[in-house]
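Observations on chain architecture
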Amino acid sequence: MNGVTLEEEKLGFETSNFSNDSFQVKIENNVAFINFSANDLARDLESPQQVIDFTHAISMTSEQFDTVNRTEICVNNTYNYQMIFFANVDSVDCPFSF
């Protein structure tokens, strides 16, 4: 989740974690709780498809481990960051903390 390596970048892989390592992870009861930080969320996730790709990539990455069955993601301490893009709704505070 720290992003792509130089070798991966040369192969055409891209990162979906805002090009930084500003995130926190906690695993409890087979659930990965991940909170990312982004300076400018609208710049980092420019379209609904990027929001879907980001969520899917992070979930698939964490759920490949036997200790994780489900993933909960917050961005900038916002739990419903997806709906902010899709439906222009008010943000919901992240329900978990570190």
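Before any of the text, the structure's been laid out above.
A brief structural summary. All values derive from a computational prediction rather than experimental measurement.

Concerning the overall build of the protein chain
- On a plain count of helices and strands, the protein chain comes out with four helices and three strands.
- In the protein chain, the order of α-helices and β-strands from amino to carboxyl end is α-β-β-α-α-β-α.
- As displayed, the protein chain has an accessible area near 6500 Å², and 47% of this comes from carbon and sulfur atoms.

What to know about the pattern of salt bridges
- In this structure the tally under the stated criterion is two salt bridges.
- The partner of Glu28 in a salt bridge is Lys26, with the nearest N and O atoms 3.8 Å apart.
- Take Glu28: its relative accessible area is 41%, and that puts it in the partly exposed class.

Here we look at the sheet that holds strand β2 (residues 31–36)
- Taken together, the three strands give an open sheet; going across it, the order is β1-β2-β3, and neighbouring strands pair in mixed fashion. Each having just a single partner strand, β1 (23–28) and β3 (70–75) make up the two edges of the open sheet. Here the strands of the sheet are splayed against their neighbours by 15 degrees on average, with no regard to which way each runs.
- Note: β2 against β3, six bridges, orientation parallel. What sits directly across from Phe33, in β3, is Glu72.
- Contacts between helix α3 (residues 48–62) and the sheet are confined to β2 and β3, with β3 contributing the most and set at about 135 degrees to the helix.

A closer look at the side chain of Asn35
- Mapped onto the secondary structure, Asn35 falls in strand β2.
- Reaching out from Asn35, the side chain makes a polar contact with the side chain of Asn77 at a distance of 2.6 Å.
- Once you skip the residues sitting within four places of it in the chain, Asn35 turns out to touch Ser22, Phe23, Gln24, Cys74, Val75, Asn76, Asn77, Cys94, Phe96 and Phe98.

Here we look at the nonpolar core
- Grouped together as the largest cluster of nonpolar side chains are twelve residues: Ala32, Ile34, Phe36, Ala38, Leu45, Val51, Phe54, Ile58, Val68, Ile73, Val75 and Tyr81.
- Among the secondary structure elements, those contributing two or more residues to this core are β2, α3 and β3.
- Discounting residues that sit within four places of it in the chain, Ile73 has contacts with Ile34, Phe36, Phe54, Thr55, Ile58, Ser59, Thr78, Tyr79, Tyr81 and Phe96.
- One finds Phe33, Cys74, Cys94 and Phe96 within the second-largest nonpolar core, a separate group that totals five residues.

Criteria and thresholds
Residues numbered from 1 in each chain as written. Predicted model: local features only at pLDDT ≥ 70, side-chain atom pairs only at ≥ 80, totals over all residues. Heavy atoms only, no water. Helix = DSSP H or I, 4+ residues; strand = E, 2+ residues; numbered from the N terminus. Areas by Shrake-Rupley, 256 points an atom, 1.4 Å probe, with all protein chains shown as cover. Salt bridge = Lys/Arg side-chain N within 4 Å of Asp/Glu carboxyl O. Buried < 20%, exposed > 50% of the residue type's maximum accessible area, 1.4 Å probe, protein only. Pairing = 2+ DSSP bridges. Axes fitted to C-alpha atoms, helices over the stretch in contact; angles between N-to-C directions. Contact = heavy atoms within 4.5 Å. Polar contact = N/O pair within 3.5 Å; in protein donor to acceptor, adjacent residues only side chain to side chain. Core = buried A, V, L, I, M, F, W, Y, C linked by side-chain atoms within 4.5 Å.

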